[in-house]
Structure formats: structure tokens, C-alpha cells
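# Commentary on secondary and tertiary structure
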Amino acid sequence: MLAFYVARAAYRGFRLRSLESLAFIAAVIVVLLGQVPVGSYLSEFVPAAKEWILDVPSTAGVRGIIIGVALGTIATGVRVLMGIDRPYGGEGGSSQ
Amino acid sequence: MINCPHCGASNKDGSKFCGDCGQPLITRNGVTCPMCDNLNPPSVTACTNCGARLIPVGVTPSEEPLELLEVEEGAVVEGVEGEDTVAEPDDRGESESLEEFADVSEAEPEEAMPPWLEKLRELPSEEAASEEEATRLAPGELPDWLEVPPEFEEVLSEAGRAVEEEGVPRAEIPSWLEALRPAEEEGVAEPGELAGPPERTGLLKGIRGTLGIEPILAIPPRAASLPAFSAPPHAYEHAEVFDKVVREPARPSAEVVRPRSLETLVASTMRWIIYLIVATAVVVPILRGSNWAEANMPVTASTMAMYDAIEDLPADSVVLVSHDYDPGVAGEMIPQAKAVVGHLMRRQVRLINVSLTPEGARLSREVVDEVAEAHGYEYGDDYLSLGYVVGVEAGLRSIVEGFGGPGGTDFVDRIEDVALVVEFAGAPEYVRLWLEQVQAPYGVPMVAGVSATADPLARPYYRNQAQHQLLGLMTGLVGAAEYERRAGHPGLALASMDSQSMVHIAMVLLVLVGNLAYLGGRLRGK
Amino acid sequence: MSEVLTVWIAAILTLIVYSYLLADNPLYRLAEHLFVGSSVGYAAVVILHNILRPRLLEPLAQDAGVGWPYIIPLFLGLLLLTKARTTIAWLGNSSLAFLFGVGAALAIGGALLGSFLPQIQASWVSIWPATAGSVEAAVDNVCLAVGTIGTLAYFYFTMGSGRGARNALIRFWATVGKWVMLITFGAIFGNRIMGYVSLLIERAYFLLGDWLGLVG
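Scoring rules and cut-offs
Residues numbered from 1 in each chain as written. Chains lettered and ligands numbered in written order. Predicted model: local features only at pLDDT ≥ 70, side-chain atom pairs only at ≥ 80, totals over all residues. Helix = DSSP H or I, 4+ residues; strand = E, 2+ residues; numbered from the N terminus. Buried ≥ 20, exposed ≤ 12 C-beta atoms within 10 Å, placed from the backbone. Contact = placed C-beta atoms within 7 Å. Pairing = 2+ DSSP bridges. Axes fitted to C-alpha atoms, helices over the stretch in contact; angles between N-to-C directions. Core = buried A, V, L, I, M, F, W, Y, C linked by C-beta atoms within 7 Å. Parallel < 35°, antiparallel > 145°, perpendicular 65-115°, else oblique. Nonpolar A, V, L, I, M, F, W, Y, C, P; charged D, E, K, R; others polar. Right-handed = clockwise from strand over helix to strand, strands pointing away. pLDDT = per-residue confidence, 0-100. Expected span 1.5 Å × (residues − 1). Left-handed = near helix turned anticlockwise from the far one by under 90°.

## Quick word on the overall build of chain A
A tally of regular secondary structure across chain A gives five helices and zero strands. Expressed as a percentage of its 96 residues, the buried residues of chain A come to 47%. The contacts in chain A between residues at least 6 apart in sequence include a share of 3% that link residues at least 24 apart.

Next up, the structure:
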């Protein structure tokens, strides 16, 4: 059912308001066309572009996110183990 | 703890502003101005540096210390006189735009003025009645420190001469702007004549040369007198244009003319058209049974890598397969599982199935049993299902480390003996879980099939050139179709690719058409 | 026979869920509640039969000499039930502390060794064409490194707002990161659309094939 809502959102919401939205929409279109055989039928450039987008900028962005999330997990874990944060109720042990 | 003098809330020591009402806290040293950070003595109401109010407006002026009203600017003081000294307006041009405002304020009976306002009116006249003090300035006179130093007089007069020589026509200055001209410029006019009529109502009664209501909007409260006003000639032109624009009556907006019902009708029709387009794009290829995509399906490198990793498995090795999906993404994952498990069974490897979701165990049992029957696999000898593993990280570790123990199986003694971990992840956290808890500590080779949503979040693990994390990656139903194509055993996934292609084209066209409509509307609007 | 029944029930429920496209209606609410209830019920049954029985109750049922260590998790688990009432909720704190402690320890180790270090290593790849294998690979590696640093800089909020070489540098990298993330989110969204479409197609195959039999 979400496919219907996404289609409607694609028609109404993906407006080319700025250069940033152009980058976003271009990425969406290239990925959509590149993932299916139609993309390679249109042009051999399309699946290659999709591969590049998924392998380079997308990977770089998600890699940054993964590193950030890992750092956050480590920091939160250390805080829990040191007793500064007690997520299960009760006050933190080392509060001021 | 400091208690806020305005609202009474307690604040930490050293706070400059109250955490509840935001007003400056009066510390022992005085009040800090919120605008310029200047430290003022505790008793002042306006900052001595920039003039900003230090006491909230909610405080009635009767509570305010009135010392600061001995202002130096004669212009303000002069105007606030009694009713009988107000001259009748000569022309009503100034007042026309103020009529609305005048109507509103004239509604208030002037006799019922609040006492603090009465005090305000009395005070300056008291001042006027008292003998002249040396510090009082004549009307329009600037204090010493604001006068133009002699060395700049030359520069200014030169600039004025240059303007005249160029023959720049003198701009028509509106009356309200003229009134701001400093009185010392001789030959222009008496301030009283061109300043326009004095205000007849309200607080500014009797004052001449006030600005119209519209430009007042952004004037900050300043107690200091106006500095010498000089501006380049083009500024006067701009000011005139601004004045014209501001005084013009507002034109009715064009959009109001179109009836609303038509818009909503178009919008709701569009909604159904879009739904119909998507439904058609899905259903028609299915009913037609077209298999154009089957013949033309390209296989991506990541899926190929996964296929090769499984293809290279020696027969009789043990593979740990994890089905971590729920019914929500089963539509993508079950074709993947069917394709891969079929391949594994063709390679004659032994399977241990687990699941990190409750439904996954059941869903996978159906898939695996069905495929096993086709390949002659026996449960217990050739494949096992350990069921649902609960406990996120801890549960996973316990299963993995319990292989050799009493609760384990006889397929393997330890996790390191497992030849490959095949992970079907409906959500990205499952891939991360397996990578962090099993692949990294024990170094077991791993491949993953993920749902389409999870693919970008799992890809950096596949694209790790420095270290093997994921040897192969399969994405969604499309990945399952690629796998079926590569393996040479077409199934449901490959048959779905025509519908998938059609809907993708429809989506892209919707985006483009939507943008054309939007841009067209914007161009028309211009 | 039962297969036909289950298919019909599933098909009718599917159509009821799709009726939400028309409008929110009581049948849809019914289907929604059925789904939530059955998921929870199924999970409870699976936990009872697959987890509790073989891993806790059966070992406990053995003679006391072998099974006594399992008293501890049973006790901790029962303490955890006290969380339902706020007055005695404090009793469950030790169980939760144990769970959180173990979870935090595993999470730290996993995040460090499984995500953080390998991903940083992955970014530390050669940008020299000879070592990278080809010019395209070298360019890709440069883009990867630049993109990763930019993304990390984009989330750096604790810089000052003033001028200065350091802030300008961070702002430059944050702008790079912004563009990389735009493309990243575009790719994520494109994949997400693909996923939703795949699920719709699978449902269509079920309705047209398994239920109506129009497709072989």
C-alpha cells in the first residue's frame, strides 16, 4: 500500500525548488531506473551511473553515518558501564 | 541560588538571565544588558550604553523610576504639551493614512487616561516651567559630542558641491523624511512648516515631524537623540519609491479569484489517476505473463559475488543461514531465501537455520522445507532449524558459542568450523548485528541478502576493500531476480521484474510530470 | 480444504487493508487489530515453546544437582515482572542492570571491532592509481574518502559561529558533506521505493495467482 502513497508523494512532493532538491531527485531517478532491466535498455550509462551512485557517494555518506553511530554506541555503552547513565530508572551514579 | 526579581524563579549562581522569564537577573554588581552585555547599575531602567529596556514591558510605568525622562532632545519634549496648544492641521495628507489608527485611539476617552500617563504629561511641562538648566539643549540643537568636527565640515561641503556640480537633480523628499532633517541646515525650512501637522491623538499628541505608522514598525526603542542625518542622493529616491509602495492600497491577490472547489476536485482526481497508474503498471505485466525482463536482466557485481561465494563452497560444509525478516518484508525476502537455499542445496552443503525474529523461523521453515523436498534433503541429517534466537547481541553470542556445548548441534563443534554465514536481513540492524557479533570476533566469512530499504546501509560493509566483511550482497526482489538469472533457475522474482520495471518508469514519469506542472504553474504565475 | 480457507482469509484481509486507500473504515481497523494481536500472540507462543521451555524449564526440571544454576535467571526474570507496578518496580532494577550491562559490553565490543575500526580502515585506502588498480578506482577512492570526511564534518555542531581558519575549514567540509548526504538520501529513498513496489507486486501475485488463479 505504501507504493501507492509513495507514487502520490513522487508526483506532489518532489519539486525542483533548488539545486539541492535537484541532486536528491536526480539520485532517486537514476537509482529507480538503474535497478531494473529497463535502465540498461534505455542506455548502458544508466546502470553504470546507478552502480556508481550506490558504491561511491552513497557508501561514503552511510560510512560516515556508521562511524558516527558506532562512536555513539561506544560512548553510551561506556556511560552505562560507568554508571553515569542509568537508562533503567534511578538517578545516575556520578551526577554532580 | 539567585532569585529572579521579576518572576521569582530560582536560578543557579552566576546566571545572567532568568531561566523562566528570560529577564536580566540583578546581581550584586548590577544588571547586564541583554543587547550589548554592558553592566548597568541596578536601579536603571534602560541600558546606559545602548538604551535597551532592562525592565519588562509588563511592569506599569508607574513602577518605573522616572529619572531617565530628563532627556536632552528638545524635539520630543517640546511636542508633549497640553491640549490647548495643539495647532489645527493645515493639510490632511498626513492624516489620511492615520485615520484608521486615529479612529481606534479616539475611541478611548481622553479623560480616562491612566495616572502614569498623566504623570508623563505633567512632568515635561513641569520641566518647561522650571528655569532653564545649563544642560538643556535648545530644540534641534545637537549635544557637543555629536556635532560635526571642523575637519569633516570641509569634506562634507565638498561632497555637497560635487553633487551640485554633477547636476544631479534634487530628489523630491516626502514630508515625513524632510522633518528628520537636522534643524541646523539653514535655508531649508522651519521644522514646523514642512514637518507636517502635529499628532492629534495618542501618546505623541502635539509632536510634529513624526513618521507615518507604516515605517514605525522596525524602530528600536532608543533614548538617545537622532544623529546628524545625511544620505547620498539616491537614498532619497529609494525612500520615495518605498513611500509610494507603502502608501499604495493593497491589490487583491490573484489566487483568490479561482474557485476552491475546482482545485480540490483536480487534486482528488489526480490521486485516483496516480493510484490507477500504479495498479495498472503492476497488474498488466502479471496478467500478460510477459518475460521480457527475464531475458534482459543484468546481474550486478554484488549479487555475482554472493553467488560465487556460495558456488565455491565445498560439498558437505556447514552453512549457518539466518532468516531475520518479518511478514512485512517477506515479499522481498522469501524469493531471496528460496533462490539461495536452492543453490545451497544444489551444492550439497548442510544447513543450520536460525532466526532473530519470531515470525522468521516459521516463514523460513516453510521455504526451507519446500526446497528441501525438491532436493531430497532430510531434516536432522542434512539441515536443522534452531528456531528463534532471543536476546539481540547476547542471544546471538550464546547460540554461536554454544555450538560445542550441551545445547548445540552435532553439525559443528565451534563457530569457526562454519564455512559461511548467509544472512537474510529485513532491516539493517540485523546485518550490523551479525557483522559485529559473529563476523568480526570469529572471522567467519559472511554474505547477506537484504531488503531494498536496508541495502544502502549495508553496502559500506560490502565495499570494504581493506578487510573482508561482506563477501557478497543481494538487494531485494531485484537481487533475487538477478540470483535466479545467474543460477539459471528462474522463479517468482524474475517473473516480477516486468511489473517492477513498469512501476519504476511510472514513478519517474510521475516525478517529471509533477515537476513540469509545478514549473509551468510558476512560469504562468510570473 | 484448509489451504483454500487460509488463502481466502488472507485475500480478504489483504483487500480490507487496501480499502484504506479509499478511506479509513472500521474493517480496516479490524484487520489492523487482528494483525497486531496475532503478531504479539504468535511471538508469545514462540518464546514460550522455543526459548523458555527448552532453555529454562527443562534444565530446571532436571535433578537439583545439575539444574540449580538456572534458578538465577528464573529469579532475575521474575524480578523483571515487577516493573509492571511502580510501587515495586525498583525490585526489577538489578535485572535490568544486568541486561544493560551485558548489552552495553557486547555493543561496545561489536561497534568497535565490527563497525568503527573496519570502516575507518576501509576509508584509508590508496588513492594512487597504481596501487588502487586503475584511474577510475583511484578517483572512486578519493571520492569515498572525501565523502566520508564531509559527512562526518556535517554533523559537527560544536564549532563556533565566528570567522577563523578552523571554522571556515569545518564549514567547507560540512558543505561537501551536505551534498554527499543529499545523494545518499536520494539513493536510500530510491531503494525504499523499489522495496515498496516489490512488496506490492508480491501481494498482486498472491491475489491474482494464489487466490484468483489467473496466473499459472
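## A closer look at the overall build of chain B
When you go through chain B residue by residue, the secondary structure sums to 20 helices and eleven strands. For chain B, buried positions account for 31% of its 526 residues. Considering only residue pairs separated by 6 or more positions, chain B has 63% of its internal contacts joining residues 24 or more positions apart.

## Digging into the interface of chain C and chain B
Bring the parts together and some accessible area is lost; that lost area is often taken as the interface size. Taken together, the contact pairs 42 residues of chain C with 46 residues of chain B. Looking at the side of chain C that touches chain B, the elements that each hand over two or more residues are α2 (26-61), α5 (93-123) and α8 (165-211) of chain C. If you tally residues by element for the side of chain C that touches chain B, the top one is α8(C), at 18 residues.

## Things to note about unusual backbone geometry
A negative phi holds for most residues other than glycine; trans holds for most peptide bonds. Residue and element names in this part refer to chain B. With a phi close to 75°, D316 is a non-glycine residue in the positive phi region. Along the chain, D316 falls in the loop between α12 (301-311) and β6 (318-324). D316 sits in the exposed class, given 11 other C-beta atoms within 10 Å.

## Remarks on the sheet that holds strand β7 (residues 350-355) of chain B
Residues and elements named next belong to chain B. Here we have six strands laid out as an open sheet, ordered β8-β7-β6-β9-β10-β11, and parallel in their pairing. Looking along the sheet, the strands with just one partner apiece sit at the ends: β8 (383-388) and β11 (473-475). Averaged over all adjacent pairs, the angle separating strand axes in this sheet is 15°, with direction ignored. Bridge count for β6 against strand β9 (residues 420-425) is six bridges, and the pairing is parallel. The residue of β9 that forms the bridge with V321 is V422. The strands touched by helix α17 (residues 455-462) are β10 (446-450) and β11; relative to β11, the strand with the most contacts, the crossing angle is about 165°.

## A look at the nonpolar core
Counting 141 residues, the largest nonpolar core has A7(A), V431(B) and A458(B) as the members making the most contacts within it. Counting residues per element, this core draws most heavily on α8(C), which supplies 16 residues. V431(B) has contacts with E423(B), A425(B), A448(B), V450(B), A454(B), A458(B) and Y461(B), leaving out every residue within four places of it along the chain.

## Quick word on the packing of helix α16 (residues 428-442) of chain B against α5(C)
A packed helix pair is summarised by two numbers, namely the angle formed by the two axes and the spacing between the axes. It is at 8 Å that the axes of α16(B) and α5(C) come closest, and there the two elements cross at 80°. Regarding the angle of α16(B) to α5(C), the classification is roughly perpendicular. Contact with α16(B), carried on its side by R432(B), L435(B), E436(B), Q437(B), Q439(B), A440(B) and P441(B), involves L106(C), G110(C), A111(C), L113(C), G114(C) and S115(C) of α5(C) and no other residues of that element. Residue classes in the contact of α16(B) with α5(C) are distributed as six nonpolar, five polar and two charged.

## A word on the interface of chain A and chain C
Of the residues lining the interface, 41 residues belong to chain A; the matching set on chain C comes to 47 residues. Of all the secondary-structure elements, those providing two or more residues to the side of chain A that touches chain C are α1 (2-13), α2 (19-35), α4 (45-55) and α5 (57-82) of chain A. The biggest single contributor to the side of chain A that touches chain C is α5(A), with 20 residues. Looking at side-chain class alone, the side of chain A that touches chain C contains 29 nonpolar, ten polar and two charged residues.

## Examining the pairing of β6(B)
Residues and elements named next belong to chain B. Summarising burial for β6: six of the seven residues are buried, a large majority. Note that β6 and β7 share five bridges and pair parallel. Its bridge partner being in β7, V319 is matched across the sheet by L351. The parallel pair β6 and β7 is bridged by helix α13 (residues 330-346), and the resulting crossover is right-handed.

## Quick notes on the confidence of the model for chain B
Residues and elements named next belong to chain B. Residues at a pLDDT of 70 or more form 64% of chain B, whose mean pLDDT is 75. Scored below 50 in pLDDT, residues 66-111 makes 57 contacts in the model with residues more than four places away or belonging to other chains. Here residues 123-134 scores under 50 on pLDDT; set against residues more than four positions off or in separate chains, the count is six contacts. Interface confidence for the predicted complex, given as ipTM, is 0.88, next to a pTM of 0.67.

## Looking at the environment of R15(A)
Note that R15(A) resides in the loop between α1 and α2. Separated by ten residues in sequence, R15(A) and I25(A) place their C-alpha atoms 8.5 Å apart. In this view, R15(A) contacts S21(A), N515(B) and Y518(B); residues no more than four positions away in its chain are not counted.

## Concerning α2(A)
In an α-helix, one turn spans 3.6 residues; hence positions three or four apart end up facing the same way. For α2(A), spanning 17 residues, the distance from its first C-alpha to its last is 24 Å, which sits close to the expected 24 Å at 1.5 Å a residue. Every buried residue of α2(A) is listed here: F24(A), I25(A), A27(A), V28(A), I29(A), V30(A), V31(A), L32(A), L33(A), G34(A) and Q35(A). Contacts from the buried residues of α2(A) go to α3 (37-42) and α4 of chain A, α18 (476-487) and α20 (497-525) of chain B together with α8 of chain C.

## Quick word on the pairing of β7(B)
All names here are of chain B. β7 sits mainly inside the fold: six of its six residues count as buried. Side-chain alternation along β7 places R350, I352 and V354 on one buried face and L351, N353 and S355 on a second face that is also buried. Strand direction decides the pairing type here: β7 and β8, joined by five bridges, are parallel. In the strand pairing of β8, I352 is matched with L384. Crossover connection from β7 via helix α14 (residues 358-375) to parallel β8: handedness right-handed.

## Considering the packing of α2(A) against α8(C)
With their axes 8 Å apart at the nearest point, α2(A) and α8(C) run at an angle of 40° to one another. It follows from the interaxial angle that α2(A) and α8(C) lie oblique. Between α2(A) and α8(C) the crossing geometry is right-handed. Contacts between α2(A) and α8(C) pair E20(A), A23(A), F24(A), I25(A), A27(A), V28(A), V31(A), L32(A) and Q35(A) from the former with W179(C), L182(C), I183(C), F185(C), G186(C), A187(C), F189(C), G190(C), N191(C), I193(C) and M194(C) from the latter. Taken together, the residues that form the contact of α2(A) with α8(C) break down as 15 nonpolar, four polar and one charged.

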